[in-house]
Amino acid sequence: MGGGGSDHGGDVALWVPRVIFSPIYFTTEFLIRRPLGALLTAAERANLPEALYDFFAFGPDHKSGFIPTAFFDFGLNPSVGLLLFWNDAFFKGNDLQLSGSIWTSDWIAGSLRERIHLHGSDLLTLQLSGSAGPTASSLA
């Protein structure tokens, strides 16, 4: 008898991995991907990225501002901090950055960086940094 029918054994064999992996599929599809997609779409419609950019960066050209930071390392000991920046500070091509981070009294770090744009892509950079804590010597 001629073909045209499907391979019944193949159809049955496909159901085994479908059943086994269905909890993973439902978790990633309905608990992660779809809610995250809806959240990102709503944020874009509400102009949230532009509002955050305007909140953290100042001036007509957004040449100065601040950025909150978080770092999770040091044997699962986090640190939180702040980065302040000012591009074209005092004169065009002079960028300043000041950053600091802390986590209780176990960890504190800070740095000051001045970067002067010379001709083309040449830069002159001065950076001062320091840190104190149980892992400070391993960061240097």
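Reference entry: report on the structure contained in this document. Here, residues in each chain are numbered from 1, in the same order as that chain's written sequence. For this predicted model, a pLDDT threshold of at least 70 governs which residues receive local features, and a threshold of 80 or more governs which side-chain atom pairs are given and counted, while totals over whole chains, interfaces and linings are taken from all residues. As a rule here, side-chain values cover all heavy atoms of the structure and leave hydrogens and water aside.

Looking now at the sheet that holds strand S4 (residues 94–103). Paired strands are those between which DSSP finds at least two bridges. In this text, helices come from DSSP runs of H or I with a minimum length of four residues, and strands from runs of E with a minimum of two, each type numbered from the N-terminal end. Pairing is antiparallel across the open sheet formed by six strands, whose spatial order is S1-S2-S3-S4-S5-S6. The two strands at the open ends of the sheet, each matched to only one other strand, are strand S1 (57–58) and strand S6 (123–132). Examined bridge by bridge, strand S2 (residues 64–73) and strand S3 (residues 77–86) share ten bridges and lie antiparallel to one another. Along S3, the bridge assignment pairs Pro-68 with Leu-82.

The backbone of Asn-47 sits at a positive phi, close to 55°, despite the residue not being glycine. Along the chain, Asn-47 falls in the loop between helix H1 (8–45) and helix H2 (48–56). Between buried and exposed lies partly exposed: a residue is buried under 20% and exposed over 50% of the maximum accessible area for its type, with that area taken using a 1.4 Å probe on protein chains only. Residue Asn-47 is classed as partly exposed on the basis of its relative accessible area, which comes to 46%. Within the chain, Phe-90 stands out as a residue other than glycine whose phi angle is a positive 70°. Checked against the element boundaries, Phe-90 lands in the loop between S3 and S4.

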